[in-house]
Structure formats: C-alpha cells, structure tokens
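Each chain is listed here by its residues.
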Amino acid sequence: MPSQFDLIVIGGGPGGYIAAIRAAQLGLATACIDEWSNAAGGPAPGGTCTNVGCIPSKALLQSSEHYEHAGRHFADHGIGLDNLRIDVARMLERKDAVVKQNNEGILYLFKKNKVAFFHGHGSFVRAVEGGWEVAVAGKASETLVGRQVIVATGSTARALPGVAFDEQQVLSNDGALRIGAVPRRLGLIGSGVIGLEMGSVWRRLGAEVTVLEALPTFLGAVDEQIAKEAWKAFTKQGLKIELGVKVGDVKVTKKGVSVAWTDAKGGAQTLEVDKLIVSIGRVPNTAGLGAEAVGLQLDERGAIAVDAECRTNLPGVWAVGDVVRGPMLAHKAEEEGVAVAERIAGQHGHVDFNTIPWVIYTSPEIAWVGQTEQQLKARGAAYRAGTFPFMANGRARALGDTTGMVKILADAATDEILGVHIVGPMASELIAEAVVAMEFKASSEDIARICHAHPSLSEATKEAALAVDRRTLNF
C-alpha cells in the first residue's frame, strides 16, 4: 500500500524544501523527494543552489577575496605578509564543508518539522482517486500518493550547441566550482551572473580571464549607469571582456580548448585557454519527471506551464522556481514555495515579482530592485534620479572600498520609489532596505527622512534619496 500524504514535493532545492517545511508548519502531512547525493552517496538536499550554485560559489568568492586582499591591500593596513600562496585543495575542502553544513541543516529542518524525506528521483506515475501516484527511484524504490503535488525540480546549465560539458575542460557551473588548480588561461562564454562570479574567483587567484559575450552591451538587464561603473571596475581589475561576439567552432584537445570567434567589427579571432566555462543560461529541468504520463503541460521553453498562482493544467498539481516562468533566482523559488503551500492550506500566499531583488556577488557587488532608468525612458515615465558615490561615504573609506554608487529612481509626481540600483561594497545587504521600502510604496523622501547609523554604508542609500531632491549633505 503506497504511503499517503496531503502534499508531495518533488525537488529539494530552495523552492521545494521551503515549500515542504511551510506546508508541514500548516499541518499538512508532507513528503519531499530529492535525488541529489553527496560524495558518499548520501542525501544532499538543497538543489543546485546549495550543491553547485549559490552556496559554494559564495564560499569560493569569499576565499578568493581574502587572497586578493592579502596580496594587494593588507599592506595599506600595515599588515605585512611573506610568501603568500593559495592552497586550492584546502579552499575546495572548505567550500565542500560549507555545502555539507547546508545539506545537513536542511535534513535537520525536515526532521524538526516532521517532513518525510525520500532520497531518490521523483516522477509522476498516474492519477489515482483523490490525488497522484509518484514513484521514488533510489536505493529503495517506493511509491507515494499525494493529494497535492508541488514540482520544484529546478534547472540545468545550457550547453553550447555541439559542445557537451565534460566538466574537465568545458565546464558548467558544476565543473567551475571544482577546478583543482589555478588555470593559467581561463575563458568564459557569457557575462551573466555565473560567468562574472566564477571569472572573478579565478582572476583573483591568478588566472588570465577572457569573457566572450554575444550581446553588444554589458549587463543589459542592469541599469546602464550602474553597468558602466561595474565595467570600469572589472576591466581595471584585469577581466578582459569582449562584447558583440559571435562564437564559432570550439575544439577540445588534451592541452586545452580553442574557441574561434568573431569580434564586433567582424574580425576573426581565436581564444586559446586551459579551461572554458560556458555560462549562457539555464533550462528548466523536466527530464524524467513523467510529465507525458499524466499530461502535464509544458511551454515552448520546456518549462511547466502555470498560471499566476503557480497552478498547472492538472488539478492539485503546482510548480515553482526555475522550472516555471519568471526569474531563475533561489529567493524567488522560496517565495513561490511558501505562497503555494499557503494556498494549498486555504490561505492567500502572495509573491510580488516587482520587488524581487537581483544580486551579482562580484567585487564590487551589484544589486538592484525595480525598474532601470532605460526602462522608465522606454515607457515615457516622468521620474527623478538621485545618486551618491561610495567615495564620499566614511564607512566605505574606512573599509578601503569606495567603488560604485547608490542610485534611486522615483516618480516625478508622487515621489514613489520605482527602482534602486547599487554597485559597490555589500550591495547584496544594502538592497534589502530598498525592497522593504518599495513593498510599502515608500517615497524617496521617506528614506531621506529615516535616521541611518553613522558611519555605515547604508548612509549612501539615504544620501541617494536626498539626491533625488538635489539636497545631498555629504557630496
């Protein structure tokens, strides 16, 4: 007799495990199925984010940033070091330990909240009376029945046509996190979040990094003024970024990877590298889900088709996160997971796509929420803009990191904040104030009138708000 549940969640990434926990908190008998395994074959819930994405990349970014500070900036603080070196194996061990802590933390949370966890691959079998039959293929295969099902199977890296990932020389985000020694020459195709973050890690450690980007503009989704500041910072650091590129043949040999490409002016070029990271986007992961067995509708991208509340075409079946429309962000998946769990329990879960923050964890960090200046211009909106540079912020000077600025865009008539854009130190933390403000429909005047601690980086946000009304106090 199959085990019966009120809710089965397929996938234990940010969207899935959070949905399962919230559902259990609301009194639903909940199961979560996840197939990620650690090196020993044990369960490793947390999905791409925890295992080969957000968490390990931040661990490597932190390690490489320490190394760069020690080599380039410690002397400014009166700290002298001799024979500085990087132990890549030890760095990777620390990264793996951080991942393991997060895996174990999720398993603990399942136990604490009485979520039944099944380690294996989950897939639909058929519709049954009162719900859906779901198979778990693992060390011990099982069959479950759920009154409701949430699909949270995430996404996978998109490969270049005709160039498969071997994770040795042609790398996805997975292989990029497991490079065993600093490559002399590293190539990246795509200047998105993953490409810039991984390029930053290995550039700091000594690699010569070249980024090939097909689009003619750098970080086209970012506010143009902020993107220009980031461009200046990255190129000054040593990242070589080529825009408007057309990638041709990619040849993999024992010695490395050769990439034929055409530059923006039509000139034929060749890039010879030891390793090539391909970061050209991600695709929804629906392979092996059994969608065809139950008639689950997919859209033209292969994502699960859902309505505004994450309902699929099947009764009682929902989908969240990277496997559906919208930005492929872990925190977006979490919010959808919570909202769906609450809807199933009869509540009114809500996600506001207009106030989802975006972050690129480079140095300087880039973070934004809301509309860019180019979007406002394109729709003919009347707005006012205020900026404040970190070079005029006392805390940034004390940190020794004065790159970048805070920019606030507000409605010209009502002063409601329409967008906030930051490039600079700790932008990932500073953006939270902007998200809260926009959720409460705050004006730039509201932020300008709030007392911010001194000295703090957050004062740059206050000053940018003051700048909307052309009354900055420290610049």
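Quick note: structure is the one above.
Because the structure is predicted, anything quoted here is derived from the model rather than measured.

Chemist: Help me out: how do you make sense of helix 7 (residues 224-237) in this one?
Modeler: Residues separated by three or four positions in an α-helix point in the same direction, a consequence of the helix having 3.6 residues per turn. Between its first and last C-alpha, helix 7 extends 20 Å over 14 residues, near the 20 Å set by a 1.5 Å rise per residue. Those residues of helix 7 lying buried are Ile226, Ala227, Ala230, Ala233, Phe234 and Gln237. Looking down the long axis of helix 7, one finds its buried residues gathered within 125° of arc, a one-sided arrangement. Helix 7 presents Lys228 and Lys236 as exposed residues on the side facing more than 90 degrees away from its buried surface. Between the side-chain oxygen at the start of helix 7 and the backbone nitrogen of Gln225 there is a gap of 3.2 Å, and the oxygen is on Asp223. Just downstream of helix 7, Gly238 is the residue with a positive phi angle, here 120°.

Chemist: In this structure, what is going on with the environment of Thr461? I would like to understand it.
Modeler: As for its placement among the helices and strands, Thr461 is situated in helix 14 (residues 459-468). Sequence separation between Thr461 and Val406 is 55 residues, and the spatial gap between their C-alpha atoms is 6.0 Å.

Chemist: Is there a simple way to explain the nonpolar core in this structure?
Modeler: Within soluble globular proteins, side chains that are nonpolar tend to cluster in buried spots. Judged by nonpolar contacts, the single largest core of 35 residues is most densely connected at Trp202, Leu219, Phe234 and Ile366. Elements supplying a minimum of two residues to this core: helix 3 (54-73), helix 4 (88-112), strand 9 (185-189), helix 6 (193-204), strand 10 (208-212), helix 7 and strand 19 (365-370). Discounting chain neighbours no more than four positions away, the residues touching Trp202 are Val88, Met91, Ala176, Ile179, Ala181, Val182, Pro183, Leu186, Ala207 and Val209. Ala396, Leu430, Leu457 and Ala464 belong to the second-largest nonpolar core, a separate cluster that totals 29 residues.

Chemist: How should the environment of Gly105 be read in this particular structure?
Modeler: Locating Gly105 in the fold gives a position in helix 4. Given a relative accessible area of 26%, Gly105 falls into the partly exposed group. Along the backbone, Gly105 and Gly46 are 59 residues apart, and their C-alpha atoms lie at a distance of 9.5 Å.

Chemist: I tried to follow the environment of Ser258 on my own but got confused; where do I start?
Modeler: Among the structural elements, Ser258 can be located in strand 13 (residues 257-262). A relative accessible area of 18% places Ser258 in the buried class. For the pair Ser258 and Val273, spaced 15 residues apart in the sequence, the C-alpha separation amounts to 6.5 Å. In this structure Ser258 touches Asp249, Val250, Lys251, Thr270, Leu271 and Glu272, once residues within four positions along its chain are discounted.

Chemist: How should helix 12 (residues 427-439) be read in this particular structure?
Modeler: If you check helix 12, its first and last C-alpha atoms are 18 Å apart, about what 13 residues at 1.5 Å a residue would give, namely 18 Å. Every buried residue of helix 12 is accounted for by Ala427, Ser428, Leu430, Ile431, Ala434, Val435, Ala437 and Met438. For helix 12, the arc enclosing every buried residue in end-on projection is 160°, short of the 170-degree limit, so these residues lie on one face. On its buried side, helix 12 packs onto strand 18 (358-360), strand 19, strand 22 (417-424) and helix 13 (444-449). Following helix 12 by one or two positions, Lys441 adopts a phi angle in the positive range, close to 55°.

Here is what the cut-offs are and how they apply
Sequence positions are assigned chain by chain, starting from 1 and proceeding in written order. Restriction of local features to residues with pLDDT of at least 70 applies here, the model being predicted, together with a cutoff of 80 or more for giving and counting side-chain atom pairs; totals for whole chains, interfaces and linings are based on all residues. The basis for the side-chain values is all heavy atoms of the structure; hydrogens and waters are excluded. Going along the chain from the N terminus, every DSSP run of H or I of four or more residues is numbered as a helix, and every run of E of two or more is numbered as a strand. To estimate how far a helix should extend, the number of its residues minus one is multiplied by 1.5 Å. In this scheme, a residue with accessible area under 20% of its type's maximum is buried, one over 50% is exposed, and one in between is partly exposed, where area comes from a 1.4 Å probe on protein chains only. Taking the helix axis as origin, the arc is that swept by the directions to the C-beta atoms. Polar contacts, as used here, are pairs of N or O atoms within 3.5 Å; protein pairs need one atom able to donate a hydrogen and one able to accept it. Residues neighboring in sequence count only if both atoms are side-chain atoms. Nonpolar cores were defined as sets of buried Ala, Val, Leu, Ile, Met, Phe, Trp, Tyr and Cys residues, with membership established by side-chain atoms within 4.5 Å. By definition, residues are in contact when any of their heavy atoms lie within 4.5 Å.

Worth remembering: the numbers are spatial, not functional.
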